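Structural features, examined
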Amino acid sequence: MTTALHTIVVAILGVALALIWTVAAAVRRSMEGLASEAWGLEPLDVDEQPEPLERAAEHADWADENGFEWDGLYSLVVPNNPAASLAVWRLPPGHTYFVCYLYGNQEFSEFVTVFDEQRKIAVSTSDSSASLLSRAKPPAFKQAFVGLSHDDRFARHNETVGTLAARWGITPKASSTPVAESIPRSVRDEARRIMAKPGWSF
């Protein structure tokens with residue numbers, strides 16, 4: 001290898017490593033923010049701040065047409081992470097949620113069914129592959145279907161709920177914890193579980 005080529009290769013590797021380190025550092029800061037106690041969900045008044053729900057109009061229409069009841073609109077401000085809004089609906093009797101997340105100009109949604117809140121047994125079905133970047137800790141289960149309609153994804157969700165209910169011999173139970181408490185707690189637990197793994201940021 002010539003000196004010139006060697007210099008170019010070293011330079012390229014240096015840039016690549018710098019980019020990897022920058023990304024890893026950003027991931028670490030983001031996860032540290034999620035794991036901290038310095039954030040929570042703050043209820044928003046839809047009349048005073050209608051914009052998030054207007055953006056989620058398609059989700060809201062589907063939820064209304066499929067028997068879900070409005071739970072609330074929340075702001076999510078986590079250290080080292082972009083601000084977000086969450087619109088939440090609950091299907092009576094209360095063990096299944098439909099959640100729409102709004103981050104900047106992006107949005108995604110998921111269905112969540114709770115089997116046992118104390119044992120953290122739940123099923124979530126997202127429309128974003130990003131939800132699968134970390135594995136669910138058993139007995140929790142998560143899956144994602146990108147590009148499906150709400151109807152098809154909800155059908156897949158219910159199929160999985162039925163399969164796991166039959167396999168484990170349990171039935172979904174309504175959560176007694178308000179969303180403003182349960183979501184931050186679940187996110188913190190997941191972030192701390194990920195950070196406990198050696199080399200997690202790479």
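Read on for an overview of the structure. (Residues numbered from 1 in each chain as written. Predicted model: local features only at pLDDT ≥ 70, side-chain atom pairs only at ≥ 80, totals over all residues. Heavy atoms only, no water.)

Here we look at the overall build of the protein chain
Check the secondary structure of the protein chain and you find 5 helices and 7 strands. Helices and strands in the protein chain line up, N terminus first, as α-β-α-α-β-β-β-β-β-β-α-α. Expressed as a percentage of the 202 residues in the protein chain, the buried residues total 38%. A fraction of 54% describes how many contacts in the protein chain between residues 6 or more apart in sequence connect residues 24 or more apart. (Helix = DSSP H or I, 4+ residues; strand = E, 2+ residues; numbered from the N terminus. Buried < 20%, exposed > 50% of the residue type's maximum accessible area, 1.4 Å probe, protein only. Contact = heavy atoms within 4.5 Å.)

Focus on the nonpolar core
Residues F68, W89 and F98 are the most contacted members of the largest nonpolar core, which totals 16 residues. Those elements giving two or more residues to this core turn out to be α3 (57-65), β3 (84-91) and β4 (96-103). In this view, F68 contacts W62, A63, W89, R90, L91, T96, Y97, F98, F111 and F154; residues no more than four positions away in its chain are not counted. (Core = buried A, V, L, I, M, F, W, Y, C linked by side-chain atoms within 4.5 Å.)

Some points on unusual backbone geometry
The residue after P92, namely P93, is reached through a cis peptide bond having omega 10°. By the secondary structure assignment, P93 is in the loop between β3 and β4.

Some words on the pattern of salt bridges
It is possible for side chains of opposite charge to pair when their charged atoms get near one another. Scanning the entire structure with this criterion turns up 2 salt bridges. Across the salt bridge formed by D71 and R90, the nearest N and O atoms sit 3.8 Å from each other. In this pair, D71 is assigned in strand β2 (residues 69-76) and R90 in strand β3, connecting sequence segments 19 residues apart. Ionic pairing is found between R153 and D127, a salt bridge with its closest N-O pair at 3.8 Å. Taken together, the positions of R153 in helix α4 (residues 150-168) and D127 in the loop between β6 (121-126) and β7 (141-144) put the pair 26 residues apart, joining distant regions of the chain. (Salt bridge = Lys/Arg side-chain N within 4 Å of Asp/Glu carboxyl O.)

A short note on the side chain of S126
With respect to the secondary-structure elements, S126 resides in strand β6. A polar contact of 2.9 Å, which involves the side chain of S126, links it to the backbone nitrogen of S128. (Polar contact = N/O pair within 3.5 Å; in protein donor to acceptor, adjacent residues only side chain to side chain.)

Looking at the environment of V88
On the secondary structure map, V88 appears in strand β3. Setting aside chain neighbours within four positions, we find V88 in contact with W70, D71, G72, Y74, Y97, F98, V99 and V179.

Structural notes on the pairing of strand β5 (residues 106-116)
Buried residues dominate β5, accounting for 8 of its 11 residues. Across 8 bridges, the pairing between β4 and β5 is antiparallel. Paired with Y97 across the two strands is V112, which belongs to β5. Where β4 hands over to β5, the hairpin turn is made up of 2 residues, of which G104 adopts a positive phi near 55°. Relative to β6, β5 runs antiparallel, the two being bridged by 6 bridges. When the sheet's bridge partners are listed, T113 is paired in β6 with V123. What sits between the antiparallel neighbours β5 and β6 is a turn of 4 residues, in which K120 has the positive phi angle 60°. (Pairing = 2+ DSSP bridges.)

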